[in-house]
Amino acid sequence: GLRDLLPLIVGIIIVAILLISWIRSAAKQISSAPRPVVGGVGAPPMGMAPVAVATTPDARLKWLAKAIQMYVADYDMRLPPMRSATQLQPLLMPYVKDPTSFIDPTSGTLFGVNTSLSRKSMKSIRNPANIVIFYQMQPDPATNKRWVAFLDGHVKQVDQKQWEQLRRTSGITQPSRKKRVRQP
């Protein structure tokens with residue numbers, strides 16, 4: 001009877017105590033993990049999106065370019081379908097985690113997307129460092145320049161003359177419609 005079950009009951013209690021101890025230890029490690037810097041590009045753990053979203057256009061574009069690179073790595077070096085920024089958003093959410101990443105904080109509009117790259121293989125693109133993937137829809141009124149993100153992940157601020165040349169080189173035929181988005 002009960003004497004036969006006693007070793008089993010003791011074993012279950014020991015396993016439960018060990019499991020609770022292990023869960024508490026893991027919770028402490030998670031809660032003490034470093035958090036990224038708000039307003040810039042912090043250093044989240046490998047493969048994780050930042051906890052706080054960057055607040056400058058260049059930092060947000062950098063995160064979006066990184067998200068594209070992660071997507072491409074997961075999908076056999078092929079870019080996602082991107083007929084519009086709205087179509088692209090749900091595909092990149094697993095990588096950026098926050099919908100405000102897609103919004104230009106200067107204008108409140110979605111960043112522009114190079115739709116000519118939709119579903120292209122990265123192998124077919126000769127020089128990713130010269131191809132714009134995301135861009136500010138309008139130049140910053142303070143500098144009269146716009147931030148652009150390139151397929152290789154770097155970002156750069158360009159004047160109107162540079163933008164026109166990059167737009168042609170990158171295959172951006174016409175700017176997307178400006179879509180104002182309400183920030184949370």
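See the structure above.
What counts as what
- In every chain, residue numbers begin from 1 and rise along the written sequence.
- Totals for whole chains, interfaces and linings use all residues, but because this is a predicted model, local features are given only for residues with pLDDT of at least 70 and pairs of side-chain atoms are given and counted only at 80 or more.
- Note that water and hydrogens are dropped before the side-chain values are worked out from all heavy atoms of the structure.
- Numbering goes from the N terminus for both helices and strands, where a helix is a DSSP run of H or I of at least four residues and a strand is a run of E of at least two.
- Only protein chains enter the accessibility calculation, which uses a 1.4 Å probe. A residue is then buried if its area is under 20% of the maximum for its type, exposed if over 50%, and partly exposed in between.
- Here, two residues are considered to be in contact whenever any of their heavy atoms come within 4.5 Å of each other.
- Paired strands, in this sense, are two strands between which DSSP finds at least two bridges.
- Centres within 6.5 Å are what make two rings of Phe, Tyr or Trp a pair, Trp counting through its six-membered ring; a difference in plane orientation under 30 degrees is then read as stacked, over 60 as edge-to-face, and the rest as tilted.

Trainee: Sorry, what's going on with the environment of P128 here?
Mentor: Inspection of the secondary structure assignment puts P128 in the loop between strand 1 (112-113) and strand 2 (132-135). On the basis of relative accessible area, P128 is assigned to the partly exposed category, the value being 21%. Setting aside residues no more than four positions away along its own chain, P128 makes contact with M122, F150, L151 and D152.

Trainee: Which parts of the structure should I look at to understand the sheet that holds strand 3 (residues 146-150)?
Mentor: Backbone hydrogen bonds hold the strands of a sheet together, and the pairing may be parallel or antiparallel. Across the sheet, which stays open at both edges, the four strands sit in the order 1-2-3-4 with antiparallel pairing between neighbours. One side of each edge strand has no neighbouring strand; the edge strands of this open sheet are strand 1 and strand 4 (155-158). Two strands pair when backbone bridges link them, and strand 2 and strand 3 are joined in this way by three bridges, in the antiparallel orientation. Bridged to F134 within strand 3 is A149.

Trainee: Can you walk me through unusual backbone geometry in this structure?
Mentor: With the exception of glycine, the majority of residues adopt a negative phi angle, and the majority of peptide bonds are in the trans configuration. Here K97, not a glycine, exhibits a phi torsion of approximately 70°, which is positive. As for its placement among the helices and strands, K97 is situated in the loop between helix 3 (85-96) and strand 1. A relative accessible area of 53% means that K97 is categorised as exposed. Phi at N144 takes a positive value of approximately 60°, unusual for a residue other than glycine. With respect to the helices and strands, N144 occurs in the loop between strand 2 and strand 3.

Trainee: Explain the packing of aromatic side chains to me, please; I cannot follow it from the model alone.
Mentor: Here the distance between the centres and the angle between the planes together describe a pair of aromatic rings. As enumerated under the stated definition, the model contains three aromatic pairs in all. Arranged with centres 6.3 Å apart and planes meeting at 75°, the rings of Y71 and Y95 form a pair that is edge-to-face. One end of the pair, Y71, is in helix 2 (residues 57-74); the other, Y95, is in helix 3, and 24 residues separate them in sequence. By relative accessible area, which is 7% here, Y71 ends up buried. According to the relative accessible area criterion, Y95 is buried, its value standing at 13%. Each residue in the set Y71, Y75 and Y95 is aromatic and connected to the rest through ring pairs, giving one cluster.

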